[in-house]
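Commentary on secondary and tertiary structure
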Amino acid sequence: MSILPKKNDLGFFEVRMESIGGLGANLAGKMLAEAGVVGAGLNGVSFSSYGSEKKGSPVKAHIRFCDIDTQIRDTTPVEHPHVVVVFHESLYKTMDVTSGVTEDSIILVNSTGTPEEVKAKLKLKAGTVAVIDAIGIALEEQNKVNMAMMGAIFRIVDFLDPQIMRDVIRKSLEKKYPQAVEPALRTFERAYNEVQFQTFKLEEGDAFPVFVRHDTPVLGYETQPMGGVIVNPGNSILKNLSISRSGMMPHYHEDKCIHCAACDNVCPDFCFVWEEQPDKRGRPQMFLQGIDYQYCKGCLKCVIACPTEALTGEREEGNYGEEHRVPHRFDLAANV
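So, a few notes on the structure that sits alongside this text. (Residues numbered from 1 in each chain as written. Predicted model: local features only at pLDDT ≥ 70, side-chain atom pairs only at ≥ 80, totals over all residues. Heavy atoms only, no water.)

**Remarks on the environment of Val-129**
The following threshold applies: Think of it this way: any DSSP run of H or I at least four residues long counts as a helix, any run of E at least two long counts as a strand, and we number them from the N terminus. We call two residues contacting when some pair of their heavy atoms lies within 4.5 Å.
Checked against the element boundaries, Val-129 lands in strand β6 (residues 127–132). Residues Val-129 and Val-59, 70 residues apart in the sequence, show an inter-C-alpha distance of 21 Å. Once you skip the residues sitting within four places of it in the chain, Val-129 turns out to touch Ile-107, Pro-115, Val-118, Lys-119, Leu-124, Gln-196, Phe-197, Gln-198 and Phe-200.

**Section: helix α3 (residues 134–141)**
Our working definition: A 1.4 Å probe rolled over the protein chains alone gives each residue an accessible area, and that area as a share of the maximum for its type sets the label: buried under 20%, exposed over 50%, partly exposed in between.
Counting buried residues in α3 gives six out of eight residues, a clear majority hidden from the surface. Residues Ala-134, Ile-135, Gly-136, Ile-137, Ala-138 and Glu-141 constitute the buried set of α3. Against β5 (106–110), β6, α4 (145–156), α6 (181–194) and β11 (311–315) lie the buried residues of α3. Positive backbone phi, at 55 degrees, marks Gln-142, one or two positions downstream of α3.

**Focus on the pairing of strand β9 (residues 272–278)**
To be explicit about the condition: At least two DSSP bridges between two strands are required for those strands to pair.
For β9 and strand β10 (residues 284–291), the ladder comprises seven bridges, and the chain directions are antiparallel. Paired with Pro-278 across the strands is Pro-284, a residue of β10. Counting the residues between successive antiparallel strands, the hairpin from β9 to β10 contains five residues, one of them, Gly-282, with a positive phi of roughly 85 degrees.

**Let's talk about the sheet that holds β5**
This is how the line gets drawn: Axis definition: a line fitted to C-alpha atoms, limited for helices to the stretch in contact. Angles are taken between N-to-C directions and run from 0 to 180 degrees.
Taken together, the seven strands give an open sheet; going across it, the order is β2-β3-β1-β4-β5-β6-β7, and neighbouring strands pair in mixed fashion. In this open sheet, the two edge strands, each paired with only one partner strand, are β2 (43–50) and β7 (196–200). The mean angle between the axes of side-by-side strands here comes to 15 degrees, regardless of whether they run parallel or antiparallel. One ladder, built from five bridges, connects β5 with β6; its direction is parallel. Of the residues in β6, the one forming a bridge with Leu-108 is Ala-130. With respect to the sheet, helix α2 (residues 115–122) is in contact with β5, β6 and β7, its orientation differing from that of β7 by roughly 60 degrees. The strands that α4 touches are β1 (13–20), β4 (83–86), β5, β6 and β7; relative to β5, the one it contacts most, it runs at about 155 degrees.

**Considerations on the environment of Phe-87**
When you line up the elements, Phe-87 lands in the loop between β4 and β5. Measuring from C-alpha to C-alpha, the distance between Phe-87 and Ser-242 comes to 14 Å, with 155 residues separating the pair along the chain. In contact with Phe-87, not counting residues within four places along its chain, are Met-17, Glu-18, Ser-19, Leu-23, Gly-24, Ala-25, Ala-28, Asn-110, Val-145, Asn-146 and Met-149.

**Notes on the packing of aromatic side chains**
Our working definition: Classification of ring pairs rests on two measures: the distance between centres of Phe, Tyr or Trp rings, Trp counted by its six-membered ring, which must be within 6.5 Å, and the angle between planes, read as stacked under 30 degrees, edge-to-face over 60 and tilted in between. Cation placement over rings: the criterion is NZ of Lys or CZ of Arg within 6 Å of the ring centroid and within 35° of the ring normal.
Tallied over the entire structure, the rule returns five aromatic pairs. Pairing Phe-65 with Phe-159 gives two aromatic rings, centres 6.1 Å apart and planes at 85 degrees, and the pair type is edge-to-face. In this pair, Phe-65 sits in strand β3 (residues 58–66) while Phe-159 sits in the loop between α4 and α5 (162–173), placing the two residues 94 residues apart along the sequence. The two residues Phe-65 and Phe-159 agree in class, both being buried. Between Phe-188 and Tyr-192, the aromatic rings sit 6.5 Å apart at their centres with planes inclined by 20 degrees, giving stacked as the arrangement. With Phe-188 and Tyr-192 both in helix α6 and four residues apart, this pair spans about one turn of that helix. The exposure class of Phe-188 is buried, given its relative accessible area of 0%. Looking at Tyr-192, the relative accessible area reads 22%, which means it is partly exposed. A connected cluster of aromatic rings, assembled from ring pairs, spans Phe-13, Phe-65 and Phe-159. Over the face of the ring belonging to Phe-200 we find Lys-119, whose NZ or CZ atom lies 5.3 Å from the ring centre. The aromatic ring of Tyr-192 is capped on one face by Arg-155, whose charged end is 5.7 Å from the ring centroid.

Below, the structure written as structure tokens:
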């Protein structure tokens, strides 16, 4: 008898991981597939899709499981996942991370919020929402976010044996990185025990939106503007790097700032906002007003450069970036 709790028309149980480069979703997908194949006796496959292979760029990992007598001949992206794993909560701002989910889907999110708060942010109609503070656990245990996410996955995907995953972790790390084995196991165990989840039913008269593939073009031959006008050009002013932050961000303490611009000299993305004002003697001088967190990817180079501790590296929580953002005053862009 099959141990898979659900299957699609092709006999697959499918998982999609939404992440950014540097959080380890690709490795997590491979380890999850290995645990299903070696430990549970299933057929399984794992593959990833991403653009530029660098930290902060969007990454998707796709995993399929099926019974041993079913062949896997499909390596297309997972469009209707039974489980969605969101490694970075802010991804919902720029990507449709819940694309293709149904009332029976499970959505696991790396977040400090409650399942109700996450459901509201993702604008979900229904489903099971699970949350785990993977970044917090990883920082405390000095390990990787993907190990925390794996612990939470094995709690909600209960047809897989967590002991098999522990063995996979040891096998993967003990030869090259033996010092990382115990922190990884502690991270896995904490997430397994600390994940919270809640199921929400679809309200009467409500329905899920019609599924549209993520790569469906908005503009076609019938909707393209006259003359082929480019309506959304690539522009560094309009970029948003906030989804690249992986847990830490700089906080600005104005009372300690001497306006030396050491932070601005090392910032790779021009996050600091300045304004010319008279100093105590009436001479014009540039004074730091704050940080435009839209452009901050959390590299913390400014914290290292600051000579007066006017900038400190802090854990990113809630909507701190939006609430404390000091927008740049660009004259050539609107709605920034």
